[in-house]
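# Breakdown of the fold
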Amino acid sequence: MKTQARWWVVASVVVGTLWLLGCGQKKTESQATQQATEQPQPSGETVERGERGETMAPAGTAAGIWDQITAERDKLSAAIQNGQLKDVHHLAFGVRDLVVALAGKATASPEAAPKLKTLVEQVKASAGKLDETGDAGDLSGAQAEFAKLNTTLNMIKAIVSPR
């Protein structure tokens, strides 16, 4: 009887340990995914966006990256218009990462370079706010923040003139 009780104790300890290790691993994977979406990648590398695991490689030219930004901005606009706020996070961070890549590829005049850097920071902040409003289910907040993001993107386009 004592042998059987010891066996159950050992089995319980093993299962508990494996469960704890498994949960720790999932947390680490979750943290890695979160870090991949929050930190912009250098241009030329693929950018992973969120839990969906989509990847996007920035184009090789400023014009190509701008086309990608336009496509992501249009997807973001459609998601907000359709009330698909759960998708806002992924799309906003995709735009953010592409803008960072564009800033690395684009040539701006020495006078415009500080302005471009400021605008890139505004896009990063706007992506974060869009994430928050999307997670909170705040449609009007997402619409307002998208309007700000769109204005900032237009100002970036004027500075880098990708075409």
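Parameters and conventions
- Residues numbered from 1 in each chain as written.
- Predicted model: local features only at pLDDT ≥ 70, side-chain atom pairs only at ≥ 80, totals over all residues.
- Heavy atoms only, no water.
- Core = buried A, V, L, I, M, F, W, Y, C linked by side-chain atoms within 4.5 Å.
- Buried < 20%, exposed > 50% of the residue type's maximum accessible area, 1.4 Å probe, protein only.
- Helix = DSSP H or I, 4+ residues; strand = E, 2+ residues; numbered from the N terminus.
- Axes fitted to C-alpha atoms, helices over the stretch in contact; angles between N-to-C directions.
- Parallel < 35°, antiparallel > 145°, perpendicular 65-115°, else oblique.
- Left-handed = near helix turned anticlockwise from the far one by under 90°.
- Contact = heavy atoms within 4.5 Å.
- Nonpolar A, V, L, I, M, F, W, Y, C, P; charged D, E, K, R; others polar.
- pLDDT = per-residue confidence, 0-100.
- Expected span 1.5 Å × (residues − 1).

### Details of the nonpolar core
Counting residues in each nonpolar core, the largest one holds 30 residues, and the members touching the most others are Ile69, Leu76, Leu102, Leu130 and Ile156. In terms of residue count, helix H3 (residues 88-105) provides more of this core than any other element does, nine residues in total.

### Focus on the packing of helix H2 (residues 62-81) against H3
Two elements in contact, H2 and H3, have axes whose closest approach is 9 Å; the angle formed by their N-to-C orientations is 160 degrees. Relative to H3, the element H2 lies roughly antiparallel. At the point where H2 passes H3, the crossing takes the left-handed sense. Judged by residue contacts, Ala62, Ile65, Trp66, Gln68, Ile69, Glu72, Arg73, Lys75, Leu76, Ala79 and Ile80 of H2 engage Val88, Leu91, Ala92, Gly94, Val95, Leu98, Val99, Ala101, Leu102 and Lys105 from H3. Looking at the contact of H2 with H3 residue by residue, the classes come out as 15 nonpolar, two polar and four charged.

### Considering the environment of Gly60
Along the chain, the position of Gly60 falls in the loop between strand E2 (54-56) and H2. Note: C-alpha distance between Gly60 and Ala101 (41 residues apart in sequence) is 9.7 Å.

### Overview of the confidence of the model for the protein chain
Reading predicted coordinates in detail is not appropriate for stretches of low pLDDT. Averaged over the protein chain, the pLDDT score is 77; the fraction of residues at 70 or greater is 64%. Taken together, the stretch residues 23-53 has pLDDT below 50 and engages in 49 contacts with residues farther than four places along the chain or on a different chain.

### A look at helix H5 (residues 139-160)
The terminal C-alpha atoms of H5, which comprises 22 residues, lie 31 Å apart, in line with the 32 Å expected from a rise of 1.5 Å per residue. On its buried side, H5 packs onto H2, H3 and helix H4 (113-136). Phi turns positive, to about 30 degrees, at Ser161, one or two residues after H5.

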